[in-house]
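Remarks on the overall topology
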Amino acid sequence: MSTQVKVKNRLSSTVQSLKPSGIRRFFDLAASMEGVISLGVGEPDFVTPWRMREASISSLERGHTAYTSNAGMLPLRVEIQKYLEERFSVSYHPETEILVTVGASEAIDIALRAILDPGDEVLVVEPCYVSYEPVIRLAGGVPVFLKTTMENQFKLTPQELESHITARTKAIIFCYPNNPTGGTMTAEEWKTLLPIIEKHDLMVISDEIYAELTYGRMHDSIAALPGMKDRTILISGFSKAFAMTGWRLGYVCASPDLLAGMLKIHQYTMLCAPTMAQMAALEALRHGRSDMERMIESYRQRRNYVVDGFRQIGLTCHEPDGAFYAFPSVASTGLSSSEFAEKLLMEEKVAVVPGDVFGESGQGHIRCSYATSIEQLKKALERMERLMGRMS
Amino acid sequence: MDRLKQRELLHLLEEDSRMSAEQIGKMIGEPTEVVEQTITALEAEKVIVKYPALVNWERVDDHPYVNAMIDVKVTPKRDVGFDEVAERICRFPEVKAVYLMSGASYDLSIILEGKTMKEVATFVSQKLSTLDSVVSTATHFILKRYKHDGIELEDRDEDHRMVVTP
C-alpha cells in the first residue's frame, strides 16, 4: 500500500487528474467477449493498399533506414504541398510551412504545446475526438467545450462560439468531417464564424484527418478562406484516407513562425517520423488516388445502408456527410449512451461506442463505425432491431 | 438510373451477386423497383451475362480436376482470320476460356479443365491438334491457383483490428 502511494506521488498532478479514456473501458469489456460484431472501430477495414506496402518494403531493401530531416523528407513535403493545393486549394510552402509528424495525434500535441501558456483556454467543438481534452491539459491549457447538436447536423454555430470566448481564450480546435458524428462544415458555414475568430484573434487548430472522406461534395478547409491561412494550424495524415493507421504518419501545416516552434518540440521529442512510413506515404500521394477513391465509394454505400437501417429500426439518425461514423440517437429508449451500449453489447454482442465518451454533448447517442463489411452491418442491424423490439 | 449509378450497381453485383435489390438500392440511393428494372434491362442487354460463384475447388476434397493453359499456334484463314478456329475451339465443353493474344509466339491461349491429366492430354492430342488450322500446341498445367478473378484464394485478409478503437 505504501509503495502504491509513493508511486502515485511521483506522477504529476496533471497526469493524475486525467481520466482514463471511456473508449478503453468499453474496449476491455468488448474484448473479453466472443462473437462480438464490432461497430466500435475507428479505423478503415481495408488493409493499406499493396502499392504503399510494397514501396515501404522496397525502401527497406534499398537500405533506407536512416533518420530523415526533422521536418520529414523534402520530396514528401513537396507532394503534401501539391496534394493540399490540388484537393483543397490551400497552399503551404514545403520547406517552411509543412512538418511531417508521427500521426496526426503528434501534430495535435505539438500544435497545442507550441501555442499554449498555462491557463490559456482552448475552445473544443464537441462531440470530439477523445484526445483533445487531455492533450490540452497536458499542454497546460484549459479546455472549454462548445456544443453541437443533431438538430443542427453537429455544425458549430456563431452563437455557440461567441458565447464561450473570454479574455483567456487562445485557440479553437475542431475536427471536420467530425469524429464521432460525421458532421461537416461548408465554406459558407465557415464564413459565418470568421468575423468572430478575427475579432477575438483566435488561433484555429483544424484537424482534417477525415478530409477525403466526404460524400457528395468536396471538403472545405477553413484554411482556404480569405485571411485564415496565417491563423490556422492545419492537421492531417494518412491513416484514414489511405488506410494507414498503423504507420503513424501525419503532418501539420502552419505559418513559418508557428511551424518553427512546433519543429522545436518535434525535434527534441520525436526527431523525425519513421523513414519507411514516409516512403509509403510518398507512394500514396503519387499513385494512391485510385485506391483511395475505391475505399471512399465503399464507405458511401455502407453509410447509405446503415443510416437507412437505423431509421428503419426506430433510431433517429442524421445523415453524416463525412468520416465513417453514424451517430444515431438512442434517447427514445430512455437509456443513457453508456447504458444502451452496454445493454447492446451484453445482450446482442454488438459493440458500439457510447456517445458521451466524446463529451457531454454526445450523451444520448452512440457512435457506430460503418468501416466494416455489409454482412457485418446487416447482422449488427438485425441484432439491434431485436434489442429495440424487446425494449418497446 | 444514370450511368454512374448503373456502373456502381454493376460493381456491387460483381462483388457479391447475392446482394438483394433492396440492399443495393439502399447503398446507391435508388428505390428497390428501379434497381430491379435496371438489373432486368442489363440482363436483357447481355451486360450482365451470368451470376457465377467463385469456388476454390482445391478446398473441395473429392473434386478431382486439372487445369491447363494451352498455347496454340494457328494458321489464320482468309476473310475470317482467327475467328473460325477460335469459335470452333470454344464449343468444346472442357474449354473454359479462349483468348487471341498479341506479342506471343502463339496465337490463341486456351484454358482447359479436365478430370485427369490423361483427359487433358487426350483432348490436346486427339481434338485440338487435329484441327486443320492448328499448327502447334504447348500445354502448361496449372499447379496451384493463388489468385483468380481478382480474388486471392489463400490467406484472405482477416480483420485484425481491435474490437473498439478511438
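Residues numbered from 1 in each chain as written. Chains lettered and ligands numbered in written order. Predicted model: local features only at pLDDT ≥ 70, side-chain atom pairs only at ≥ 80, totals over all residues. Heavy atoms only, no water.

By the naming in an unreviewed UniProt entry, chain B is Lrp/AsnC family transcriptional regulator, taken from Brevibacillus brevis.

Per an unreviewed UniProt entry, chain A goes by the name Aminotransferase and belongs to Brevibacillus brevis. Note on chain A: under the UniProt heading Sequence similarities (unreviewed entry), the record states "Belongs to the class-I pyridoxal-phosphate-dependent aminotransferase family." A UniProt comment under Cofactor (unreviewed entry) is attached to chain A, and it reads "pyridoxal 5'-phosphate". (UniProt positions renumbered as here; feature names shortened; annotations may be inferred.)

**Some words on the UniProt feature "domain: Transcription regulator AsnC/Lrp ligand binding" (unreviewed entry) in chain B**
With numbering aligned to this structure, UniProt lists the feature "domain: Transcription regulator AsnC/Lrp ligand binding" (unreviewed entry) at residues 71-145 of chain B. For residues 71-145 of chain B, the end-to-end C-alpha separation is 18 Å, with 27% helix and 33% strand making up the annotated structure. (Helix = DSSP H or I, 4+ residues; strand = E, 2+ residues; numbered from the N terminus.)

**Thoughts on the pattern of salt bridges**
On inspection of all chains with the given rule, the structure shows 29 salt bridges over all chains. Notably, a salt bridge pairs Asp308 of chain A with Lys26 of chain B, separated by 3.4 Å at the nearest N-O pair. Placement of Asp308 of chain A in helix α12 (residues 289-312) and of Lys26 of chain B in helix α2 (residues 21-28) is noted, with the two residues assigned to different chains. Judged by its relative accessible area of 22%, Lys26 of chain B is partly exposed. (Salt bridge = Lys/Arg side-chain N within 4 Å of Asp/Glu carboxyl O. Buried < 20%, exposed > 50% of the residue type's maximum accessible area, 1.4 Å probe, protein only.)

**Comments concerning the environment of Ile23 of chain A**
Here Ile23 of chain A shows up in helix α3 (residues 22-31). For Ile23 of chain A, a relative accessible area of 4% gives the class buried. Sequence spacing of Ile23 of chain A and Val353 of chain A is 330 residues, and the spatial spacing of their C-alpha atoms is 6.8 Å. Ile23 of chain A has contacts with Val130, Val353, Val357 and Phe358 of chain A together with Val164, Thr165 and Pro166 of chain B, leaving out every residue within four places of it along the chain. (Contact = heavy atoms within 4.5 Å.)

**Details of the state of the cysteines**
Residue and element names in this part refer to chain A. Considering all chains together, one arrives at zero disulfides over all chains under this definition. There is no disulfide at Cys272, and the cysteine sulfur nearest it, in Cys253, is 18 Å away. Given a relative accessible area of 11%, Cys272 falls into the buried group. (Disulfide = S-S within 2.5 Å.)

**Re the domain arrangement of chain A**
All names here are of chain A. Domain assignment breaks chain A into domain 1 (14-48 + 289-390) and domain 2 (50-287). Computed over C-alpha atoms only, the centres of domain 1 and domain 2 are separated by 24 Å. Taken together, the contacts link 40 residues of domain 1 with 42 residues of domain 2. Three residues stand out in domain 1 for area buried against domain 2, namely Thr48, Arg289 and His318, and they jointly supply 21% of the buried area on that side. At the boundary of domain 1 and domain 2, one finds two salt bridges. In this structure, the salt-bridge partner of Asp291 is Arg51, at a minimum N-O distance of 2.6 Å. Viewed at the interface, domain 2 and domain 1 are joined by 18 residue pairs in polar contact (both at pLDDT 80 or more). When residues in the side of domain 1 that touches domain 2 are grouped by element, the largest group, nine residues, is from α12. Class assignment of the residues belonging to the side of domain 1 that touches domain 2 gives a composition of 20 nonpolar, twelve polar and eight charged. (Domains from an automatic or database assignment. Buried area = accessible area lost by both parts, 1.4 Å probe. Polar contact = N/O pair within 3.5 Å; in protein donor to acceptor, adjacent residues only side chain to side chain. Nonpolar A, V, L, I, M, F, W, Y, C, P; charged D, E, K, R; others polar.)

**Quick look at the sheet that holds strand β2 (residues 98-101) of chain A**
Residue and element names in this part refer to chain A. Spatial strand order, β2-β8-β7-β6-β5-β3-β4: seven strands in an open sheet with mixed pairing. Pairing within the sheet leaves two strands with one partner each, and these edge strands are β2 and β4 (142-146). Strand-to-strand twist across the sheet, computed as the mean angle between neighbouring axes with direction ignored, equals 20 degrees. Here β2 pairs with strand β8 (residues 250-253) via four bridges, running antiparallel. Its bridge partner being in β8, Leu99 is matched across the sheet by Val252. Together, β2 and β8 form the strand contacts of helix α5 (residues 74-88), whose direction differs from that of β2 by roughly 115 degrees. (Pairing = 2+ DSSP bridges. Axes fitted to C-alpha atoms, helices over the stretch in contact; angles between N-to-C directions.)

**Quick notes on the pairing of strand β3 (residues 108-114) of chain B**
All names here are of chain B. Counting buried residues in β3 gives five out of seven residues, a clear majority hidden from the surface. Inspection of the sheet shows strand β1 (residues 66-74) paired to β3 by seven bridges, in the antiparallel sense. What sits directly across from Val72, in β3, is Leu108. Taken together, the five bridges between strand β2 (residues 95-100) and β3 define a ladder with antiparallel strand orientation. Each residue of the ladder has a partner; that of Ala97, found in β3, is Ile111.

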